[in-house]
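The lines below spell out each chain.
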Amino acid sequence: MSNTDFLGRAIEVVKKAIESDTGGEYEKAYQLYYQSLELFMLALKWEKNAKSKEMIRGKAGEYMERAEKLKQHLAGEDKGKKKPAAVGSNGKVSGGGGKGKWVLNPHLYAMCILWAGRQNHNR
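1. Things to note about the overall build of the protein
- Secondary structure summary: the protein contains four helices and two strands in total.
- Reading the protein from its N end, one meets helices and strands in the order α-α-α-β-β-α.
- For the protein, with 123 residues in total, the buried portion stands at 35%.
- Summarising the internal contacts of the protein: among those between residues at least 6 apart in sequence, 64% fall at separations of at least 24.
- Element-wise, carbon and sulfur atoms account for 54% of the exposed surface of the protein, whose accessible area totals about 7800 Å².

Rendered as structure tokens:
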């Protein structure tokens, strides 16, 4: 299987995630960021070029951070607490509008931690 297929699909999904994120659809954005991270992980598995791998890792790390922020925001809504305003990827402050609870897959999170360890070990 070709890395280009996974990478291309990951890019398409993350574009949709960013679009949803900037539109204030935080729940949908979280789901899409999550899907893109799974695809980025598959792309990394098949990528041979070290520089390309580094670029994919960096971007996936950024998207994982954003997904975590969205997860925290959505979890705050579920608990019924007064939530802090969400800062969208576009830099605007919003009260949010998402509903529901999303949890980042622990296996995906563990894979990302292993990734970072390998990257630091190789330096």
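2. Observations concerning helix H3 (residues 50–78)
- For H3, which comprises 29 residues, the first-to-last C-alpha distance of 41 Å matches the rise-based estimate of 42 Å (1.5 Å per residue) to within 8%.
- The backbone nitrogen of Lys51 lies 2.8 Å from a side-chain oxygen of the residue at the head of H3, namely Asn49.

3. Comments concerning the confidence of the model for the protein
- For the protein, per-residue confidence averages 77 on the pLDDT scale, and 61% of positions sit at 70 or higher.
- Under a pLDDT of 50 for its full length, residues 96–102 has, in the predicted model, 21 contacts with residues more than four places off or in other chains.

4. What about the nonpolar core?
- Ranked by size, the top nonpolar core spans 23 residues in total, and within it Tyr33, Phe40, Tyr63 and Leu70 carry the most contacts.
- For this core, the secondary-structure elements that each account for two or more residues are helix H1 (3–22), helix H2 (26–46) and H3.
- Among all residues touching Tyr33, those that are not within four sequence positions of it are Val14, Ala17, Ile18, Asp21, Tyr63, Arg66, Ala67 and Leu70.

5. Examining the environment of Trp46
- Inspection of the secondary structure puts Trp46 in helix H2.
- Taking the C-alpha atoms as reference, Trp46 lies 8.8 Å from Phe6; in sequence the two are 40 residues apart.

6. Some points on the packing of aromatic side chains
- Going through the model one piece at a time under the given rule, you end up with two aromatic pairs.
- On the basis of an interplanar angle of 25 degrees and a centroid distance of 6.1 Å, the ring pair of Tyr33 and Tyr63 is categorised as stacked. Note that Tyr33 is positioned in helix H2 and Tyr63 in helix H3, a separation of 30 residues in sequence. Each member of the pair, Tyr33 as well as Tyr63, is classed as buried.
- On the basis of an interplanar angle of 20 degrees and a centroid distance of 5.9 Å, the ring pair of Phe40 and Tyr63 is categorised as stacked. Taken together, the residues span a long stretch of sequence, with Phe40 in helix H2 and Tyr63 in helix H3 at a distance of 23 residues.

7. Digging into the environment of Ala60
- Within the secondary structure, Ala60 sits in helix H3.
- We classify Ala60 as buried; its relative accessible area is 1%.
- With 24 residues separating them along the chain, Ala60 and Ser36 place their C-alpha atoms 8.3 Å apart.

About the thresholds
- Residues numbered from 1 in each chain as written.
- Predicted model: local features only at pLDDT ≥ 70, side-chain atom pairs only at ≥ 80, totals over all residues.
- Heavy atoms only, no water.
- Helix = DSSP H or I, 4+ residues; strand = E, 2+ residues; numbered from the N terminus.
- Buried < 20%, exposed > 50% of the residue type's maximum accessible area, 1.4 Å probe, protein only.
- Contact = heavy atoms within 4.5 Å.
- Areas by Shrake-Rupley, 256 points an atom, 1.4 Å probe, with all protein chains shown as cover.
- Expected span 1.5 Å × (residues − 1).
- Polar contact = N/O pair within 3.5 Å; in protein donor to acceptor, adjacent residues only side chain to side chain.
- pLDDT = per-residue confidence, 0-100.
- Core = buried A, V, L, I, M, F, W, Y, C linked by side-chain atoms within 4.5 Å.
- Phe/Tyr/Trp six-rings, centres within 6.5 Å; stacked < 30°, edge-to-face > 60°.

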